[in-house]
Amino acid sequence: MDRRPFYYATRISIAVVAYIGCWTLFAWLGDSWLQLLVAAALAVVFAQFGFVAHDIGHRQVFRTRRPSDVAGLLIGNLGIGLGWGWWSSKHNRHHANPNHEDHDPDVSPAVIVWSPEQAIRSRGLPRFIARHQAFWFFPLLTLEAWHLHVASFKALFNPSAKRRGPELALLIAHFVAYFGLVFTVLPVGKALLFLVIHQGLFGLYLGSTFAPNHKGMPVLTKEDKLDFLRKQVLTSRNVRGGWFTDVALGQLNYQIEHHLFPHMPAPSLRRAQPIVQQYCAEIGVSYLQTGLLESYGQALRHLHEVGAPLRR
């Protein structure tokens, strides 16, 4: 549980250098089709910024709230256009009740539905999508970044919003600089294509890293009465892999350990994993760990089964 200041100083420095390097390369290339490769690279860098912001939000980096909030605002709002306050509140509700259809905002039936009951109650677009949502899932993820941007702005107009002024100013600054640079360097057609590729891959990457964690795992209702350990373990899935998987998924592939110990620094989750797995075996709690492709398969099969009542 000890802080890992050298690890996070190194990780954040690498992310910042990559961020500045990509935008410098963008400005240097000018009107070139190679900018589409820069768009893809920036999608990866933006997602890595998101992973760092996630760890900061869990107080894995700084001990106190103030430096955590300052870093979160700079990385989230200013760096990638993601509202720090809105995301932190949403993510905390998810951790408190993962995969609970009444309390977890990540399984609210906005477009995708997560249980047969939600499918039956759905109307309009969610009902249309739900019939074959397993096929729609990854294409819809290309819109996820835009959804996060819009939701970040909308949340600031909620009467309960905190730090409305600073958050709004930093979000506006991000998008003024972002759109200004893209449309200054590139002609309109290439600029629009750059935006589509960058934001589409950014959303797809983020969604693909979070999907293996809980999608396809049990969805809880008010009828389920579970203790803390079972509530966190039974709704989460770990993804096996080496260092590349750890980096690519922001070490959220150790989702079970992360949910049990959300303040534990990310590099320590790997060391906690065998201890938690052994303890779950000793007390008879199911502990699911699978490969990355199989995790997607389980999630997609679940989504397809959920939509079955609407295909009859």
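Residues numbered from 1 in each chain as written. Predicted model: local features only at pLDDT ≥ 70, side-chain atom pairs only at ≥ 80, totals over all residues. Heavy atoms only, no water.

Okay, the overall build of the protein next. When helices and strands are counted, the protein shows 16 helices and 2 strands. The C-alpha atoms of the protein give a radius of gyration of 20 Å, which matches the 20 Å a tight globule of 312 residues would have. Oriented by its inertia axes, the alpha-carbon framework of the protein measures out at about 60 × 50 × 40 Å. Buried residues in the protein amount to 49% of all 312 residues. Total accessible area on the protein is roughly 15100 Å²; 67% of this is exposed by carbon and sulfur atoms. Once the 30 positive and 19 negative side-chain charges of the protein are each reduced to a mean point, those two points are 4 Å apart. (Helix = DSSP H or I, 4+ residues; strand = E, 2+ residues; numbered from the N terminus. Rg over C-alpha atoms; globule rule 2.2 N^0.38 Å. Buried < 20%, exposed > 50% of the residue type's maximum accessible area, 1.4 Å probe, protein only. Areas by Shrake-Rupley, 256 points an atom, 1.4 Å probe, with all protein chains shown as cover. Lys, Arg positive; Asp, Glu negative; His and termini not counted. Charge placed at Lys NZ, Arg CZ, Asp CG, Glu CD.)

We now examine helix α2 (residues 35-57). Over its 23 residues, α2 runs 32 Å from end to end, which matches the ideal 33 Å to within 8%, given 1.5 Å per residue. One or two steps after α2, the chain reaches Arg59, where phi turns positive at roughly 60°. (Expected span 1.5 Å × (residues − 1).)

With that settled, the discussion passes to the nonpolar core. Ranked by size, the top nonpolar core spans 47 residues in total, and within it Trp23, Phe26, Val182, Phe194 and Phe202 carry the most contacts. For this core, the secondary structure elements donating two or more residues are α1 (5-29), α2, α3 (65-80), α4 (84-96), α8 (144-155), α9 (164-185) and α10 (188-214). Looking at this core element by element, the count peaks at 12 residues for α2. With residues near it in sequence (within four places) discarded, Phe194 still touches Trp23, Phe26, Gln35, Leu36, Val38, Ala39, Leu42, Val182 and Leu186. Residues Ile112, Ile129, Ala134 and Phe137 belong to the second largest nonpolar core, which totals 9 residues. (Core = buried A, V, L, I, M, F, W, Y, C linked by side-chain atoms within 4.5 Å. Contact = heavy atoms within 4.5 Å.)

For the rest of this paragraph, the subject is a nonpolar patch on the surface. On the surface, Trp33, Leu193 and Val196 cluster together into a nonpolar patch covering about 320 Å² of accessible area. Tracing the backbone shows Val196 in helix α10. (Patch = residues over 30% accessible without salt bridge, like charges linked within 9 Å, V, L, I, M, F, W, Y side chains within 5 Å. Salt bridge = Lys/Arg side-chain N within 4 Å of Asp/Glu carboxyl O.)

Read these as layout, nothing more, since geometry by itself doesn't imply function.
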